[in-house]
Amino acid sequence: MSEKKYHVGYTCGVFDLFHVGHLNLLERCKEMCDVLIVGVCDDEYVRVVKHKDPVIPEEDRARILRALKCVDDAQIVDIETTNDKMIALERFKFDVLFSGDDWKGSERYLKTEAQFAELGACIEYLPYTHGISTSGIRQQLSDDEAKA
Ligand code: CTP
């Protein structure tokens, strides 16, 4: 019998230029569930929503995530599935969605919490690791290039 709080957990993100902030998040997720599924935002999402080209293509980002001890499966997800967590719930049938605590209390997430509750799923908010991000790494690389 598992002692974890949840059976199937889900989280989703771009995970470009994989870094320790990503790892902290995924390890925290896995501490709370038996099976962790990661939704990997597709390249189109990065271009359309984040207005930049991903450095690492979607298939490679998914492979890197699948190779981690704390990740049980990683699947590429499109813009619709990223934006509408009900579509993600339908596809992955998780018990809990892990999300960054910056979304807590937002109108969009309060609505999702209510929709999830009717289906027996919930949302856990996890802390963001300050001081590291994919955009920060990209910025540092371009600053270094400008100096060289
Ligand atoms: N994340 C985190 N701590 C960080 C960076 C990311 O907890 N320092 C989490 C995000 O909250 C999200 C997941 O990791 O749940 C994937 O985030 P992603 O957008 O890929 O990472 P960032 O490094 O924040 O990317 P960007 O700078 O492009 O926003």
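Definitions and cut-offs
As a convention, each chain's residues are numbered from 1 in the sequence order in which they are written. Where local features are concerned, this predicted model is filtered to residues with pLDDT of at least 70; where side-chain atom pairs are given and counted, the filter is 80 or more; whole-chain, interface and lining totals use all residues. Where side-chain values are given, they derive from all heavy atoms of the structure, hydrogens and water being excluded. Going along the chain from the N terminus, every DSSP run of H or I of four or more residues is numbered as a helix, and every run of E of two or more is numbered as a strand. Between the two quantities, the radius of gyration covers C-alpha atoms and the globule rule is 2.2 Å times the number of residues to the power 0.38. Note on classification: 1.4 Å probe, protein chains only; a residue is buried when its accessible area is under 20% of the maximum for its type, exposed when over 50%, partly exposed between these limits. In this analysis, two residues are considered to be in contact whenever any of their non-hydrogen atoms come within 4.5 Å of each other. The reported arc concerns the directions from the helix axis to the C-beta atoms and nothing else. Every case where a carboxyl oxygen of Asp or Glu lies within 4 Å of a side-chain nitrogen of Lys or Arg is listed as a salt bridge. With a 1 Å grid laid over protein atoms only, a set of points is called a cavity when a 1.4 Å probe fits there but cannot get out and a pocket when it is open yet has protein on both sides within 12 Å along at least five of seven lines; lining residues have an atom within 4 Å of a point. Grid points are joined across faces, edges and corners, and a volume is the space filled by probe spheres set on the points. Only Asp, Glu, Lys and Arg are considered charged, only Ala, Val, Leu, Ile, Met, Phe, Trp, Tyr, Cys and Pro nonpolar, and every remaining residue, Gly among them, polar. In protein, a polar contact means a hydrogen-donor-capable atom and an acceptor-capable atom, both N or O and within 3.5 Å, with residues adjacent in sequence counting only if both atoms are side-chain atoms; elsewhere, any N or O pair within 3.5 Å suffices. The cutoff for a nearby residue is simple: one of its non-hydrogen atoms must lie within 4 Å of the molecule or strand.

## Here we look at the overall build of the protein chain
Point 1. Helix and strand content of the protein chain: seven helices and five strands.
Point 2. Along the protein chain, helices (α) and strands (β) appear in the sequence β-α-β-α-α-β-α-α-β-α-β-α when read from the amino end.
Point 3. Here the protein chain has a C-alpha radius of gyration of 16 Å; the compact-globule value for 148 residues is 15 Å, and the two agree.
Point 4. Its C-alpha atoms give the protein chain principal-axis dimensions of about 55 × 30 × 25 Å.
Point 5. Taken across its 148 residues, the protein chain has 39% of its residues classed as buried.
Point 6. Nonlocal contacts in the protein chain, meaning residues at least 24 apart in sequence, comprise 73% of its contacts between residues at least 6 apart.

## Describing helix H3 (residues 58-66)
Point 1. Buried within H3 we find Arg61, Ala62 and Leu65. Projection of H3 onto a plane perpendicular to its axis shows the buried side chains occupying an angular sector of 100 degrees, all on one side.
Point 2. Buried residues along H3 sit in contact with helix H1 (20-32), strand S2 (33-41), helix H2 (43-50) and strand S3 (73-77).

## Some points on the pattern of salt bridges
Point 1. Tallied over the entire structure, the rule returns seven salt bridges.
Point 2. Residues Asp72 and Lys30 are paired through a salt bridge, measuring 2.7 Å at the closest nitrogen-oxygen approach. On the criterion of sequence distance, the pair formed by Asp72 in the loop between H3 and S3 and Lys30 in helix H1 is long-range, its members being 42 residues apart.
Point 3. Of the residues examined, Lys30 reaches a relative accessible area of 16% and is grouped as buried.
Point 4. As a salt-bridge pair, Asp73 and Arg66 come within 3.9 Å of each other at their nearest N and O atoms.

## So, empty space enclosed by the protein
Point 1. Taken as a whole, this structure holds one cavity of 30 Å³ or more when the rule is applied.
Point 2. Computed from the structure, the largest cavity encloses a volume of approximately 30 Å³.
Point 3. What lines the largest cavity is Phe15, Asp16, Leu17, Phe18, Ile56, Arg61 and Ile64.
Point 4. Per-class residue counts for the lining of the largest cavity are five nonpolar, no polar and two charged.

## As for the environment of Gln75
Point 1. Locating Gln75 in the fold gives a position in strand S3.
Point 2. Residues Gln75 and His51, spaced 24 residues apart in sequence, show a C-alpha to C-alpha distance of 22 Å.
Point 3. Setting aside chain neighbours within four positions, we find Gln75 in contact with Val38, Gly39, Val40, Arg91 and Phe92.
Point 4. A polar atom in the side chain of Gln75 sits 3.1 Å from the side chain of Asp73.

## A word on unusual backbone geometry
Point 1. A positive phi angle, near 55 degrees, is found at Phe15, a position not held by glycine.
Point 2. Take Phe15: it is sitting in the loop between strand S1 (6-13) and H1.
Point 3. Its relative accessible area of 7% is what places Phe15 among the buried residues.
Point 4. A positive phi is found at Leu17, a non-glycine position, where the angle reads about 50 degrees.
Point 5. For Leu17, the position within the fold is in the loop between S1 and H1.

## Considerations on the site of the ligand
Point 1. Taken together, 15 residues lie around the ligand, and Phe15, Thr129, Ile132, Thr134 and Ser135 are the ones closest in.
Point 2. Within the side chain of Ser135, an N or O atom sits 2.3 Å from an oxygen atom of the ligand.
Point 3. Elements with a contribution of two residues or more to the shell around the ligand: H1 and helix H7 (134-147).
Point 4. Examining the composition of the shell around the ligand, we find that three residues originate from one element, H1, more than from any other.

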